[in-house]
Amino acid sequence: MPTPFQIDQQVELEREAISQGLKRLRSNIKQLEEKTYASATIYGVSSIDVLMPLVIAEIEDTFKNRVERGHNGVAFKEIHQYLSDIEPLALAAIGCKVTFDKAFGRKPDSNLVSNVTDAIGKAVEDECHIRHYEKVCPGLLNTLKKNYWHESAGTQQKVTVIRTLMQRYDVEHWDTWPRAVRVKLGGWLLDCIMKTSGWFTKYPDRRGKKVYNVVLPTPEFLEIKEKVTKESELFAPLAWPMLIEPNDWTNKRCGGYLLNEVMRGHPMVRRGDNACIQGDTPITFLNKIQKVGYKLNPFVVQVAEELLNRGIEVGKFIPIVEIPLPPKPPDIADNKDSRKAYRRASAEVMNTNANAFRRSCRTRMTMEAVKKFKGKEFFIPWSFDYRGRAYPIPAFLTPQDTDFGKSLLLFSEEGVLKPQHEQWLAFQVATTYGRDKDTWDERQEWVMSNLTLISRVANDPIRCRPDWEAAEEPWQFLAACEAYYHCVLAHTRRTTGHMIAIDATCSGLQILAGLAADQSTAQLVNVLPSDRPQDAYKVVAELSKPHIPERIRPYWDRKATKRSVMTIPYNAKPFSNRTYIRDALKEKGIEIEKDELTQAVKAVRDAMDSIVPGPMAVMKWIEKEVGSIVKAGLKTGGVVLEWETPSGFIVHQRLQKRNVQTLQLQLLGRCSVNITTEDENQVSLVRHKAATAPNLIHSLDASLLQMASQKFSEPIATIHDSVLTRATDMTKLSELVRETYMDLFSNTDYLKDFAAAIGAETEPPIIGDLEPSDVIESTYFFC
């Protein structure tokens, strides 16, 4: 029970989170407006989303009336020839972006009508300019983008760089559009935006004896802007860990933070139906993991602070490296070549610094949180997604952080380490180094063979950085080495709060194997006992290898099939498989042809049908039944699929149609627009068919952990289908998870319960040769 003083401290922390969040939001809006990027503000993004379909419709109507019917008019006839290679979506996106940027920009004369229209026309020309190079020399353009087109560079700088380099290669020249054409084109787009929205107007601004026309937002839009900004401020408070245990969740009352101002936007079930009454077991689980205390690992913090000061990057830890501008040459005032060379060198440095600042964002925010919670015990408020999986509400200092973020955490309540617990610390050392596919004994042997390495890392991490930064999870390996050294080798500690993580082996296939009672699949994914970890990815690779193109076979291994095998249980389609296989082979330096890729994908999916028949049959059955249910429901006005998991969590699945038109612009990047249709509020048949099988799997792996935790009273955390606890308690927790899996699939035919819940018309495909009780002896169910 927290004391009044601790409660006051937490309230003060939450008030600071509210203040800092508002300050950050308002500062962000101000900075974007000062940089003429108002289109990226919260009000700009939301307003443009609403405006885009209207502007597109107006542009299309203009083309139809003026071009197809021959009513061009003098002005439009002149600009129409320049628009033959650009889509209405692109024109609308460019016009809306530039209009918001200029109208709300804080630079002098930013909103002059002549400047706004010229900027819109210039932006359209720049897009067409780069598209011209895309047509005449796509390979060269792609190479130049990779080598010279920095992400931090501004739009105009990108165009200048590409144009300059193209001239060096004597590429077909781009005929620059006359300014008069740009202004007319920009003026037409601005008129389209003003006509369709009513948000902007041209207003005469008298400055002495001269009158200038400026683009101003109308009072109607200023009200919208204020409303959007006020609403965003309600959700602006930062989400930090808490200094006391979070409030308990109930079906009637919000848990988590103390102040309602911070809890806005954080329901117990994200994207779910909060009217659903959840069972006692899920809520008890959520409240249990909220009561787990954490503290920062002082060893990792010290190493991070030292590397931060030195500007050294390791894995996901990316400090800012500020490169000074080059010194100005002495003849810069008189020598044109010197000025040009200096500007070019300075631009490169500024691009590098801007890119470094962007990449270091998460590290900087994490280290800010470290300063706030150093030396303190803290707690994490959690909530569910609509499938029942638990996620932390804060973004930093949580068990679901990056490798660096995870390494910072220790359980504040430490356990007394006995000899039988030491192997779990060794397991963590070997696993984080990258030995996660080795057997239990091989991992223990690897640690015994590398005691000198572990000691070096624990005692001199800065000087011995090459010894640990090459690990698969370098920061967690660093933390594990320090814990193992002091607890096992030096015996300077008798207790540990170090977090050990164990992951399910192909959890999707494990769940589906239980649902189908499929022994062959269960054996393949370590549900059943074996001498060493079974490797489903490798088995699929070997079975599919004779059926793929002969040219690819030397490079065909578990890595080539891993992502496909991992995602097929979650209903990944052949198109996704193509991407995964192509990328895996590309990493090996192999380019695969279209027909070869089709053959490889078919071979993998055929191998899956042969190796894991139960899961594949269950997924096909779910897709077929859901398709029939949704089709029938559409006739009566809509469908919601609901089912109750074994733990009592109610999954509420309602997936709506989304009609989104997307276009990849050369300079502005990906832009999309929601197309309004008559059936936009209808349930999506396609999305329900694709999502139900993976959502069922996620709901069951969440239910498994919720039930297993009921008999576990020690510190525990989760990462999706992975569980974390201390080395002193991992044996007990892993036994509880296996027992729960056994109970889940031994005592009931849950697939039949699911079929009844969704109203399936046919019996589910259950093979029935699996004996779930055998899972108790499985060494590698989690590994």
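Residues numbered from 1 in each chain as written. Predicted model: local features only at pLDDT ≥ 70, side-chain atom pairs only at ≥ 80, totals over all residues. Heavy atoms only, no water.

A. Geometry of the pairing of strand S1 (residues 200–207). In terms of strand pairing, S1 meets strand S2 (residues 210–217) through 8 bridges, oriented antiparallel. By the bridge assignment, Arg206 is partnered in S2 with Val211. Between S1 and S2, which follow one another and run antiparallel, lie 2 residues, and Gly208 among them has a positive phi close to 70°. (Pairing = 2+ DSSP bridges. Helix = DSSP H or I, 4+ residues; strand = E, 2+ residues; numbered from the N terminus.)

B. Local environment of the sheet that holds strand S4 (residues 293–296). Pairing is antiparallel across the open sheet formed by 3 strands, whose spatial order is S5-S4-S8. Both outer strands of the open sheet, strand S5 (378–379) and strand S8 (409–411), are each paired with one neighbouring strand and no more. Two elements, S4 and S8, share 3 bridges in a ladder whose sense is antiparallel. Bridge pairing in S8 links Tyr294 to Phe411.

C. Fine view of the pattern of salt bridges. Enumeration over the complete set of coordinates arrives at 33 salt bridges. Asp126 is the salt-bridge partner of Lys122, the closest N and O atoms lying 2.6 Å from each other. Here Asp126 and Lys122 lie together in helix H5 (residues 113–136), a separation of 4 residues that amounts to about one turn. Judged by relative accessible area, which is 4%, Asp126 ranks as buried. Across the salt bridge formed by Asp729 and Arg726, the nearest N and O atoms sit 2.7 Å from each other. The pair formed by Asp729 and Arg726 is uniform in burial state, with each residue classed as buried. Look at the salt bridges and you will find they share partners, linking Asp118, Glu125, Arg179 and Arg182 into a network. (Salt bridge = Lys/Arg side-chain N within 4 Å of Asp/Glu carboxyl O. Buried < 20%, exposed > 50% of the residue type's maximum accessible area, 1.4 Å probe, protein only.)

D. Region of interest: the packing of aromatic side chains. The tally for this structure, following the rule as stated, stands at 24 aromatic pairs. Between Phe100 and Phe221 the ring centres are 5.6 Å apart and the planes differ by 80°, which places this aromatic pair in the edge-to-face class. On the criterion of sequence distance, the pair formed by Phe100 in helix H4 (residues 88–103) and Phe221 in helix H9 (residues 219–234) is long-range, its members being 121 residues apart. When its relative accessible area of 0% is taken as the criterion, Phe100 is described as buried. Using a relative accessible area of 0% as the deciding quantity, one classes Phe221 as buried. In this structure, Lys372 is placed above the aromatic ring of Trp240, and the distance from its NZ or CZ to the ring centre is 4.4 Å. A cation over an aromatic ring shows up here: Arg387 above the ring of Tyr386, its NZ or CZ 5.6 Å from the ring centre. (Phe/Tyr/Trp six-rings, centres within 6.5 Å; stacked < 30°, edge-to-face > 60°. Lys NZ or Arg CZ within 6 Å of the ring centre and 35° of its normal.)

E. Broad picture of the environment of Pro765. Its location among the elements puts Pro765 in the segment after helix H30 (750–758). Judged by its relative accessible area of 27%, Pro765 is partly exposed. Sequence separation between Pro765 and Met619 is 146 residues, and the spatial gap between their C-alpha atoms is 9.6 Å. Beyond its immediate sequence surroundings of up to four residues, Pro765 is in contact with Ala516, Ala617, Val618, Trp621 and Leu751. (Contact = heavy atoms within 4.5 Å.)

F. Just the side chain of Ser47, in detail. Looking at where Ser47 falls in the secondary structure, it is placed in helix H2 (residues 42–68). The class for Ser47 is buried, based on a relative accessible area of 3%. The contact partners of Ser47, leaving out residues within four places of it in the chain, are Phe100, Trp199 and Phe221.

G. View of the environment of Asp273. Its location among the elements puts Asp273 in the loop between strand S3 (269–270) and helix H11 (280–290). Overall, Asp273 belongs to the partly exposed group, its relative accessible area being 29%. Measuring from C-alpha to C-alpha, the distance between Asp273 and Arg654 comes to 9.3 Å, with 381 residues separating the pair along the chain.

H. Fine view of the side chain of Thr645. If you trace the backbone, Thr645 turns up in the loop between strand S12 (641–644) and strand S13 (650–653). The buried category is assigned to Thr645, whose relative accessible area is 3%. Look past the residues within four positions of Thr645 in its chain and what remains in contact with it is Val651, Ser699, Ser703 and Tyr750.

I. Region of the structure containing the nonpolar core. Grouped together as the largest cluster of nonpolar side chains are 214 residues, with contacts concentrated most on Val124, Trp188, Tyr294 and Trp475. Apart from residues lying up to four places away in sequence, Val124 is in contact with Leu83, Ile86, Leu91, Ile94, Trp177, Leu185 and Leu189. (Core = buried A, V, L, I, M, F, W, Y, C linked by side-chain atoms within 4.5 Å.)

So, to be careful, I would describe these as geometric facts and stop short of saying anything about function.
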